[in-house]
Protein chains: 2
Amino acid sequence: MNSTLIEQAESILKLQGGRMTSQRKLILELLQSMPGHPTAEEIYLAASQYDESLNLSTVYRNLRWLIDLKLVTPLVFDDDRRQERFDAMIDPPQSDHYHFRCQECCQIFEFSAPEVEQFKAQFSDSTGAVVQSASLILYGICADCRELK
Amino acid sequence: MNSTLIEQAESILKLQGGRMTSQRKLILELLQSMPGHPTAEEIYLAASQYDESLNLSTVYRNLRWLIDLKLVTPLVFDDDRRQERFDAMIDPPQSDHYHFRCQECCQIFEFSAPEVEQFKAQFSDSTGAVVQSASLILYGICADCRELK
DNA sequence: TTCGGTGCAAAGAGTTTGCATACCG
DNA sequence: CGGTATGCAAACTCTTTGCACCGAA
């Protein structure tokens, strides 16, 4: 563990077949290094600085592929309803985390919450459902923005 | 309280100005009576049975209006990437609730969770942020679907 | 009568797809 | 060399918008 996205992808390619292209490598590197939760467009723009001929559809295709592999999770926040954001799962297994979005500066903060794990188990017990995953997003004003008023 | 959406909308119209049209009335009635969390399209199709000439853009315009009034909340679930769903806030003030989505039958179950309210307060205390709202969505397999396997 | 709301058609934004070509293994 | 992944352009899906007309108050 503690392996990079590229390493993880490469070992999956070895197992399942498929090729490591320069485009893939670039997209994976950016996913690993870009702060926050970039949109496909943002990844594309950043990648274009290194490979002018890269195409947006290649970015999308690879993101979908990575989602299938569980190396990336798609996120939708309330405000940008039309745009997906992508959250690289650096070094799984699943250090589950959740999100706080500041409605003022639009920054997204991640946090972990054992309470949520607990709640999932509890919910499962009381309803008989299997809970596979959870998305918790808090919306509000972050401490910094709060001070500025 | 315990008033219908139409009544709530009417009192807001009286205060803020605006008109209660037949289209509005129909959309509000359907929001109140349709089970689950319909998409704009689903509301439109259901409404079309009563008013053939109703237009999809009217549905969207009214949904956005209702969201502004806090009578409806937009929701996005993981699977249907492109489509918003709409959750009528029957009889506020805010009986906050959260969602469980069965990945098998795609049904959505609502539940309330005081734990989440608690968590919000706790988060606020420890980070200094103001938490205005929270979205919690659990994904998994519901009890019924679980049995069928 | 007034002007807020509607229908219609067209535009927009984000994402996906078909096909010929490139290039990884 | 075989076949997977890419670039490109066009299609698709969902949602929004401009404008002329309609109808609630």
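Everything numeric in this text was worked out from a predicted model, so none of it was measured.

1. Some points on the interface of chain A and chain B
Here comes step 1: At the junction of the two partners, chain A supplies 32 residues and chain B supplies 33 residues.
Here comes step 2: With both sides pooled, the region where chain A packs onto chain B buries about 2,800 Å², and carbon together with sulfur makes up 61% of that total.
Here comes step 3: Among the residues chain A hides against chain B, the three largest losses belong to A:Arg81, A:Phe119 and A:Leu138. Together they make up 20% of the total.
Here comes step 4: Applying the counting criterion to the chain A and chain B interface returns one salt bridge.
Here comes step 5: A:Arg81 is paired through a salt bridge with B:Glu84; the nearest N and O atoms lie 2.9 Å apart.
Here comes step 6: Summed over the shared surface of chain A and chain B, the number is 13 residue pairs in polar contact (both at pLDDT 80 or more).

2. Considering the packing of helix H3 (residues 40-48) of chain B against helix H4 (residues 56-68) of chain B
All names here are of chain B.
Here comes step 1: As a packed pair, H3 and H4 sit with axes 9 Å apart at the nearest point and diverge in direction by 120°. What the angle tells us is that H3 and H4 run oblique. In the packing of H3 onto H4, the handedness of the crossing is right-handed. Residues Ala40, Glu41, Ile43 and Tyr44 of H3 form the contact with H4, whose participating residues are Leu56, Val59, Tyr60 and Leu63.
Here comes step 2: Looking at the contact of H3 with H4 residue by residue, the class counts come to seven nonpolar, no polar and one charged.

3. Observations concerning the layout of surface pockets
Here comes step 1: When its volume is computed, the second largest pocket comes out at roughly 450 Å³.
Here comes step 2: In terms of lining, the second largest pocket is formed by 19 residues, of which the most central are A:Arg81, A:Arg82, B:Arg81, B:Arg82 and B:Gln83.
Here comes step 3: Looking at the lining of the second largest pocket, the elements that each hand over two or more residues are helix H4 (56-68) of chain A together with H4 of chain B.
Here comes step 4: Taken together, the residues of the lining of the second largest pocket sort by class into seven nonpolar, three polar and nine charged.

4. Some remarks on the relation of the copies chain A and chain B
The second copy of the chain is related to the first by a rotation about an axis and a shift along the axis.
Here comes step 1: Between the two copies, chain A and chain B, the superposition gives an RMSD of 0.2 Å; the rotation angle is 179° and the shift along the axis is 0.0 Å. The operation mapping one copy onto its partner corresponds to a two-fold rotation axis. Among all residues of chain A, the one whose C-alpha sits closest to the rotation axis is A:Leu136, at a distance of 2.2 Å.
Here comes step 2: Looking at chain A, 100% of its interface residues are interface residues in chain B too, so the copies touch through the same face.

About the cut-offs
All residue numbers refer to position in the chain's written sequence, counted from 1. All chains are assigned letters beginning at A, and all ligands numbers beginning at 1, according to the order in which they are written. The predicted origin of the model limits local features to residues at a pLDDT of at least 70 and limits the giving and counting of side-chain atom pairs to 80 or more, whereas totals for whole chains, interfaces and linings rest on all residues. Each side-chain value is worked out from all heavy atoms of the structure, with water and hydrogens disregarded. Working rule for contacts: check all heavy atoms of both residues, and any pair within 4.5 Å makes them a contact. In this description, buried area is defined as the sum, over both parts, of the accessible area (probe of 1.4 Å) that is lost when the two are combined. Salt bridges are defined by distance alone: a side-chain nitrogen of Lys or Arg within 4 Å of a carboxyl oxygen of Asp or Glu. N or O atoms closer than or at 3.5 Å make up a polar contact, with two conditions inside protein: a donor-capable atom paired with an acceptor-capable one, and, for residues adjacent in sequence, both atoms drawn from side chains. With axes taken as lines fitted to C-alpha atoms, and helix axes fitted only over the stretch in contact, angles between N-to-C directions fall between 0 and 180 degrees. Note on conventions: DSSP H or I runs of at least 4 residues are helices, E runs of at least 2 residues are strands, and numbering of each starts at the N terminus. Oblique is the label for every angle not falling under 35 degrees (roughly parallel), over 145 degrees (roughly antiparallel), or within 65 to 115 degrees (roughly perpendicular). If you view the pair so one helix is near and one far, a crossing is left-handed when the near helix is turned anticlockwise from the far one by less than a right angle, and right-handed when it is turned clockwise. Any residue outside Ala, Val, Leu, Ile, Met, Phe, Trp, Tyr, Cys, Pro, Asp, Glu, Lys and Arg is labelled polar, Gly included; the first ten of those are nonpolar and the last four are charged. Using a grid of 1 Å spacing that covers the protein atoms alone, one calls a set of points a cavity when a 1.4 Å probe fits there but cannot get out, and a pocket when the set is open and has protein on both sides within 12 Å along at least five of seven lines; lining residues are those with an atom within 4 Å of a point. Grid points are joined across faces, edges and corners, and a volume is the space filled by probe spheres set on the points. Here the copies were fitted onto each other by least squares, based on C-alpha atoms from residues at pLDDT of at least 70 in both.

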